[in-house]
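This is what each chain is made of:
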Amino acid sequence: MKTFKYVMMMTLALVTFTAGAQLKVGDKAPGFKLKNIDHQWVSLDDYKDQKGVIVVFSCNHCPYVVLYESRMIELQKKYEPKKFPLIAINPNDSTIVPADGFSYMITNAAEKGFNFPYLLDDKQLFKKFGATRTPHVYLLKNEGDHFTVAYIGAIDDNPQDASDVKEKYVAQAIDALLAGQKPKVTETRAIGCTIKFRE
Amino acid sequence: MRIILLSLLAISISLTAMGETREVPDVEISQLLKRIETPSDTIYVVNFWATWCLPCVKEIPEFNRIEKSYQGQPVQVIMASLDFPNQKESRVLPFLENHTVTHDVILTVTPRGGEWISRVDNAWTGAIPATLIINRDRRSFYEGEINYERLMEMIGEVSGE
């Protein structure tokens, strides 16, 4: 009986761990309040009057992120007016990757002309989302009093060549939501850089 | 057979030492999976890495140690680069001239869309480095930076020791 109890406890612990580790499509999105590159605070609550939010876990140094920076700017241009603005969040610890430090976020955003907030995740928010890499997109849908996850994955199907994209996953998911439909593709995987953090 | 293999290895090492350019074949992910999933006595260790990936580059010496530990035993290490195909000449080959990478390096050619990532292992979110170890129907997968001790554990797991 003791063994049984032990096994049950371990199973529960394992299940809890797994549930906490990975946000799924349809789950309620965790709130956040993080520092933006303009030294102001940005929280998910600030977006209550939007239809949704494109959250991109991002950074400065990762070549896959760099390939997508201009496409993030395009997404913001196209979907911010449609009430689906983009927020980039850098979860990397600058004591591991100096190039991902806050001051470099500011210069990178200025150089590339970011038209969206770029937040420093000093609270390991990425763990609540279950993000594992950069870039890693979570498309959130406003449900009135909270946001749910509508899509998780890549921006599109071709990191290397923006001119040869066949599936614009994020754009297609937003278009579906705007039309009152469910996105056809709700989850994709893509190669990216691991998130660099200390436990 | 083992002697032939060892001498081939010796030749390839000496060729590398002589400064011959490394062969880095393009291998489609489906071909790679076919190669490692065909049941045999060999334990395959596949490391997905890229020249631009800092933790990947850091962990290469951990992989370099495997060959010494398993000399003469059927363990094959494949360093599967995920650098872009058009960067073989400009990045991958120069990297191999400046870094010691003991084992076979291939350039992994991947189809678009990312479905192939879960085909490699369902637990893989796509972050690199990632390591897959296969022996017959036993597999062990790890996403993130790895060390030699963990590699030995994983090889132990799939070899059924």
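Residue positions are given per chain, counted from 1 along the sequence in the order it is written. Chains carry letters and ligands carry numbers; both start at the beginning, A for chains and 1 for ligands, and go up in the order they are written. Where totals are concerned, whole chains, interfaces and linings use all residues; where local detail is concerned, this predicted model gives features only for residues with pLDDT of at least 70, and gives and counts side-chain atom pairs only at 80 or more.

*Asks:* What should I look at first to understand the sheet that holds strand β4 (residues 86-90) of chain A in this one?
*Replies:* Within a sheet, neighbouring strands are paired by backbone hydrogen bonds and run either parallel or antiparallel to one another. Residues and elements named next belong to chain A. Strands are treated as partners if at least two bridges between them are detected by DSSP. A run of H or I in DSSP counts as a helix once it spans at least four residues, and a run of E counts as a strand once it spans at least two, with each numbered from the N terminus. One open sheet holds the seven strands; their spatial order is β2-β1-β5-β4-β3-β7-β8, and the pairing between them is mixed. Only two strands of the sheet have a single partner each, and these edge strands are β2 (41-43) and β8 (147-153). Neighbour-to-neighbour, the strand axes of this sheet turn through a mean angle of 35°, independent of strand direction. Direction of pairing for strand β1 (residues 33-36) relative to β2: antiparallel, over a ladder of three bridges. Bridge assignment links L34 to a residue of β2, and that residue is V42. Running at roughly 150° to β4, helix α2 (residues 63-79) makes contact with β3 (52-57) and β4 of the sheet. Only the contacting stretch of a helix is used when fitting its axis, a line to C-alpha atoms as for every element, and angles between N-to-C directions run 0 to 180 degrees. Contact between two residues is assigned when their C-beta atoms, built from the backbone, lie within 7 Å.

*Asks:* Please clarify how the interface of chain A and chain B should be interpreted in this entry.
*Replies:* Interfaces are often sized by the accessible area lost when the parts come together. With 17 residues of chain A in contact, the opposing surface of chain B contributes 16 residues. Top element by residues in the side of chain A that touches chain B is strand β9 (residues 192-194) of chain A. It accounts for three residues. Here the side of chain A that touches chain B is composed, by residue class, of six nonpolar, six polar and five charged. Of the pairings in the sheet, the one linking β9(A) to strand β5 (residues 127-128) of chain B comprises two bridges and is parallel in character. The partner of A:C193 across the bridge, within β5(B), is B:I128. Each residue gets one of three labels, nonpolar for Ala, Val, Leu, Ile, Met, Phe, Trp, Tyr, Cys and Pro, charged for Asp, Glu, Lys and Arg, and polar for the others, Gly among them.

*Asks:* Mind showing me how you'd approach the pairing of β3(A) here?
*Replies:* Residues in a regular strand point their side chains to alternate faces of the sheet. Residues and elements named next belong to chain A. In terms of residue burial, β3 counts as a mostly covered element, since six of its six residues are buried. Buried, partly exposed and exposed are defined by the number of other C-beta atoms within 10 Å of a residue's own C-beta, namely 20 or more, between the two limits, and 12 or fewer respectively, with C-beta atoms placed from the backbone. Side chains G52, I54 and V56 project from β3 onto one buried face, and the interleaved V53, V55 and F57 project onto a second face that is buried too. Of the strand pairs in this sheet, β3 and strand β7 (residues 136-142) are connected by six bridges, and their pairing is antiparallel. Within the sheet, the bridge partner assigned to V56 lies in β7 and is V137. Relative to β4, β3 runs parallel, the two sharing four bridges. Note on β4: the bridge partner recorded for V56 is A88. A crossover gets the label right-handed when its path from the first strand over the helix to the second runs clockwise, viewed with the strands pointing away from the viewer. The β-α-β motif built from β3, the intervening α2 and the parallel element β4 has right-handed crossover chirality.

*Asks:* Looking at this model, I keep getting lost on helix α3 (residues 54-69) of chain B. Mind explaining?
*Replies:* The periodicity of an α-helix, 3.6 residues per turn, causes residues three or four places apart in sequence to face the same way. Residue and element names in this part refer to chain B. What is called the bend at a residue is the angle between a pair of axes, fitted to the seven residues leading up to and ending at it and to the seven starting from it. Of all bends in α3, the biggest is about 35°, found at I60, and the proline P61 comes one to four residues later. Residues of α3 that are buried include every one of C56, E59, F63 and I66, and no others. The inward-facing, buried residues of α3 contact β2 (43-49), β3 (75-81), β5 and α6 (148-159).

*Asks:* How should I be thinking about the environment of A:L178 in this particular structure?
*Replies:* Residue and element names in this part refer to chain A. On the secondary structure map, L178 appears in helix α5 (residues 169-178). Of the residues examined, L178 has 14 C-beta atoms within 10 Å and is grouped as partly exposed. Spatially, the C-alpha atom of L178 lies 31 Å from that of M105, the residues being 73 residues apart in sequence.

*Asks:* How should the sheet that holds strand β6 (residues 130-135) of chain B be read in this particular structure?
*Replies:* All names here are of chain B. Pairing in this open sheet of six strands is mixed, and the strands run β1-β4-β3-β2-β6-β7 from one edge to the other. Two strands close off the open sheet at either side, each with one partner strand: β1 (26-28) and β7 (138-143). Strand-to-strand twist of the sheet, defined as the mean angle between neighbouring strand axes without regard to direction, takes the value 30°. In this sheet, β6 lies alongside β2 in antiparallel orientation, the contact comprising five bridges. The residue of β6 that forms the bridge with V46 is L132.

*Asks:* So what exactly am I meant to see when it comes to the confidence of the model for chain B here?
*Replies:* Predicted coordinates in areas of low pLDDT are best not read in detail. Per-residue pLDDT for chain B averages 88, and the proportion of residues at 70 or more is 87%. Here the predicted complex carries an ipTM of 0.80, next to a pTM of 0.85. Per-residue confidence from the predictor is reported as pLDDT, which spans 0 to 100.

*Asks:* Would you explain the confidence of the model for chain A in this entry?
*Replies:* Looking at chain A, pLDDT values average 91 and 89% of them are 70 or higher. Predicted confidence for residues 7-20 of chain A stays below pLDDT 50, and this span has zero contacts to residues more than four positions away or in other chains.

*Asks:* What am I meant to see in helix α3 (residues 102-112) of chain A here?
*Replies:* Residue and element names in this part refer to chain A. Those residues of α3 that fall on the buried side of the exposure criterion are M105, N108 and A109. Buried residues of α3, viewed axially, fall in a sector of 100°; they line one side. Residues of α3 that are exposed and point over 90 degrees away from its buried face: S103, T107, A110 and E111. Summarising the contacts, the buried residues of α3 are in contact with β4 and β5 (118-120). Trailing α3 by a residue or two, G113 shows a phi angle of about 70°, which is positive. Directions drawn from the helix axis to the C-beta atoms are what define this arc.

*Asks:* How do you make sense of the environment of A:P135 when you look at a structure like this?
*Replies:* Residues and elements named next belong to chain A. Examined against the element boundaries, P135 turns out to sit in the loop between β6 (133-134) and β7. Taking the C-alpha atoms as reference points, P135 and G192, 57 residues apart in sequence, are found 6.1 Å from one another. Beyond its immediate sequence surroundings of up to four residues, P135 is in contact with V56, F57, S58, Y64, V65, Y68, I155 and G192.

*Asks:* Explain the environment of A:G52 to me, please; I cannot follow it from the model alone.
*Replies:* Residue and element names in this part refer to chain A. Mapped onto the elements of the fold, G52 is located in strand β3. Look at G52 and you get buried, because 24 C-beta atoms sit within 10 Å. Sequence-wise, G52 and S94 are 42 residues apart; in three dimensions their C-alpha atoms are separated by 30 Å. With residues up to four places along the chain from it excluded, the contact list for G52 reads F84, L139, L140, K141, N142, A150 and L177.

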